[in-house]
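So you can see what is in the structure, the chains are spelled out below.
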Amino acid sequence: MSDEEHHFESSDAGASKTYPQQAGTIRKNGYIVIKGRPCKVVEVSTSKTGKHGHAKCHFVAIDIFNSKKLEDIVPSSHNCDVPHVNRTDYQLIDISEDGYVSLLTDNGSTKDDLKLPTDDTLLQQIKSGFEDGKDLVVSVMSAMGEEQINALKDIGPK
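The structure displayed is predicted, hence computed values, not measured ones.

Undergrad: Would you explain the pairing of strand E3 (residues 37-46) in this entry?
TA: Regular strands show a simple pattern: their side chains alternate between the two faces of the sheet. Note: strand E2 (residues 31-34) against E3, four bridges, orientation antiparallel. The partner of Tyr31 across the bridge, within E3, is Lys40. In this antiparallel pair of consecutive strands, E2 and E3, the connection spans two residues, and Lys35 shows a positive phi of 50°. Where E3 meets strand E4 (residues 56-63), seven bridges bridge the pair, whose relative direction is antiparallel. Across the sheet, the residue bridging to Glu43 is Val60, located in E4.

Structure (structure tokens):
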């Protein structure tokens, strides 16, 4: 036993942003972390085992936030990081001039820390629908500490 005091600096609840999963069990349309980015798998191909060594899994995936294509090759028996991906629906209340949106959460409070999406078509749909006075519900995808609006639903006029 030592007399030293341990001081840990941490601001999160300790929940992990990712969990391990064997590479051979990750399928198309699943999620994987490649180069530190959360991605959706669009293609998986598995090579046969060689004379020495493991079968390899070749993943082609698209970053869920910036839509960049990433690739990785991992031995199928090894573990890969898989991000915890959550999708939440919020009602759109307001769009500010600086590009931030005001959203209504399920418990009645507001969420004001999200920017408008970078995708032009989705951006135009949100702006035109809001200007027409429609009730809009946006889907917010969150993974690994990032959040972004990724879909829009029209639930009718106000």
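From this point on, the discussion continues.
Undergrad: Looking at this structure, I do not really get unusual backbone geometry. What am I missing?
TA: Generally, phi is negative for residues other than glycine and the peptide bonds are trans, each holding for most cases. Not every positive phi belongs to a glycine, and Ser67 is a case in point at roughly 60°. A positive phi is found at Met144, a non-glycine position, where the angle reads about 50°. As for its position among the elements, Met144 is in the loop between strand E10 (134-143) and strand E11 (146-157).

Undergrad: Would you mind showing me how to read the sheet that holds E4 here?
TA: Backbone-to-backbone hydrogen bonds join strands into a sheet, with any given pair of strands oriented parallel or antiparallel. The sheet built from four strands is open, its strands ordered E2-E3-E4-E5 with antiparallel pairing. The open sheet terminates on both sides in strands that have one partner only, identified here as E2 and strand E5 (69-75). Direction aside, the axes of adjacent strands within the sheet are offset by 45° on average. The pairing of E4 with E5 spans seven bridges and is classified as antiparallel. Within E5, the position partnered with Val60 by the bridge is Glu71.

Undergrad: Where do I start with a negative patch on the surface in this structure?
TA: On the surface, Asp94, Glu97, Asp98 and Asp112 cluster together to form a negatively charged patch. Turning to its location among the elements, Asp112 is positioned in strand E9 (residues 110-115). Relative accessible area serves as the criterion here: at 44%, Asp112 is assigned to the partly exposed category.

Undergrad: Explanation requested: the side chain of Thr105 in the structure shown.
TA: Here Thr105 is to be found in the loop between strand E8 (100-104) and E9. Classification of Thr105 by relative accessible area gives buried; the value is 17%. Apart from the residues lying within four places of it in its own chain, the contact partners of Thr105 are Tyr90 and Lys111.

What counts, and at which threshold
Residues numbered from 1 in each chain as written. Predicted model: local features only at pLDDT ≥ 70, side-chain atom pairs only at ≥ 80, totals over all residues. Heavy atoms only, no water. Pairing = 2+ DSSP bridges. Helix = DSSP H or I, 4+ residues; strand = E, 2+ residues; numbered from the N terminus. Axes fitted to C-alpha atoms, helices over the stretch in contact; angles between N-to-C directions. Patch = residues over 30% accessible without salt bridge, like charges linked within 9 Å, V, L, I, M, F, W, Y side chains within 5 Å. Areas by Shrake-Rupley, 256 points an atom, 1.4 Å probe, with all protein chains shown as cover. Salt bridge = Lys/Arg side-chain N within 4 Å of Asp/Glu carboxyl O. Lys, Arg positive; Asp, Glu negative; His and termini not counted. Charge placed at Lys NZ, Arg CZ, Asp CG, Glu CD. Buried < 20%, exposed > 50% of the residue type's maximum accessible area, 1.4 Å probe, protein only. Contact = heavy atoms within 4.5 Å.

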